[in-house]
Amino acid sequence: MPSDTRMRFRSVLALLLALTVLPTSAKEEVRKPWVVATYAYPERDRAAAIQPLADYLAKRGRHPVQAGQVDVAVPNLHGYLQARRDVPQATTLPVPQVPAAQADRYRTVIVARDVASLAALKTQAGQLRLALVGRDSASGGFVPTQYLRSQGLDPEKAFASVAYAGSHAAALQAVVEGHADVAALAGDVYAAARPDDVNVLWRSDPIPPGPLLCRATTEVPCQAIAAWLLEAHREDPSVMAALRAGWPEFGDATVFVPADVARLSEVALPRD
């Protein structure tokens, strides 16, 4: 993952994934294709995850879809928040409806070995190595970073070192293998492993997933796209099935619902 915050969102715009283009007849006016894109992530085939979405929007809109400047994006929560802040044309689309029990499990945890409590973490931080997933990861990046700062622990200054592991499993493994003393990662990843001698110091409130985004222009019908997404569970269930495979935070979602923009606005972005 790129290290600079601005570069991280540009990855949503630049790491474009070429998608299916609907054929046009010789008599049909050549139209500028819409673009559906996302960002790269280790061990997840995000190109395959958004292909059914691209095919579905192309079919519903009877419009070609290919790579170029992004019109419809499947971001993570960081990408969504930054786009809403920095891109005037960014319009919120619906979001997968994660079942309540699974939504409750999408939290960040701060775990450690040989650190008994948050009070001990504050006292010992200068001698401890911290592992995070990535700066633009919600549960393994900016959510725990904001919490640590609220406790007077700026990760880049308070700890002996900070490393970005690239995945939640790798962050946890860094603590297990002794390469790090403290790690922040998704709570469900920790719960699935529960390694010996690694304890939870802090658990966040549930983290909302990021909605899809649309670039509102005269050539891109964002309102219609939002309506098509709300119908996708009936029209083409493969759209959500593929997104679930690419984004574990979507859980067993089967339908899109309107996004709760007010709740999302309560989540703080990291400082640049």
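Relevant structure appears above.
Residues numbered from 1 in each chain as written. Predicted model: local features only at pLDDT ≥ 70, side-chain atom pairs only at ≥ 80, totals over all residues. Heavy atoms only, no water.

## Focus: the pattern of salt bridges
Then, in step 1: Tallied over the entire structure, the rule returns seven salt bridges.
Then, in step 2: With its nearest N and O atoms 2.8 Å apart, the salt bridge here joins Arg-60 to Glu-231. Of this pair, Arg-60 sits in helix α2 (residues 46–61) while Glu-231 sits in the loop between α10 (222–230) and α11 (232–235), and the two are 171 residues apart along the sequence.
Then, in step 3: The partly exposed category is assigned to Glu-231, whose relative accessible area is 24%.
Then, in step 4: Between Glu-156 and Arg-135 there is a salt bridge; the shortest N-O distance is 3.5 Å. Taken as a pair, Glu-156 in helix α7 (residues 155–158) and Arg-135 in the loop between β6 (129–132) and α6 (138–150) lie far apart in primary sequence, 21 residues in all. (Salt bridge = Lys/Arg side-chain N within 4 Å of Asp/Glu carboxyl O. Helix = DSSP H or I, 4+ residues; strand = E, 2+ residues; numbered from the N terminus. Buried < 20%, exposed > 50% of the residue type's maximum accessible area, 1.4 Å probe, protein only.)

## What to know about the sheet that holds strand β8 (residues 182–186)
Then, in step 1: Strand order in the open sheet formed by five strands is β7-β6-β8-β5-β9, with mixed pairing between adjacent strands. What marks the edges here is a single partner per strand, and that holds for β7 (161–164) and β9 (199–203). Pairwise comparison of adjacent strand axes, ignoring direction, gives a mean angle of 25° for this sheet.
Then, in step 2: By the bridge criterion, four bridges tie strand β5 (residues 108–112) to β9 in an arrangement that is antiparallel. Bridge pairing links Ala-112 to Asn-199 in β9.
Then, in step 3: Across the sheet, helix α8 (residues 168–176) touches β5, β6 and β8, and the angle it forms with β8 is around 155°. (Pairing = 2+ DSSP bridges. Axes fitted to C-alpha atoms, helices over the stretch in contact; angles between N-to-C directions. Contact = heavy atoms within 4.5 Å.)

## Describing the nonpolar core
Then, in step 1: Ile-110, Leu-121 and Phe-159 are the most contacted members of the largest nonpolar core, which has 37 residues in total.
Then, in step 2: Among the elements of the structure, α3 (77–86), β5, α5 (118–124), β6, α6, β8 and β9 are those that each provide at least two residues to this core.
Then, in step 3: With five residues, the top contributor of residues to this core is α6.
Then, in step 4: Excluding its chain neighbours within four sequence positions, the residues that come into contact with Leu-121 are Val-115, Leu-128, Leu-148, Leu-153, Phe-159, Val-182 and Leu-201.
Then, in step 5: If you look at the next biggest cluster of nonpolar residues, it comprises 30 residues, including Leu-53, Leu-93, Val-239 and Leu-243. (Core = buried A, V, L, I, M, F, W, Y, C linked by side-chain atoms within 4.5 Å.)

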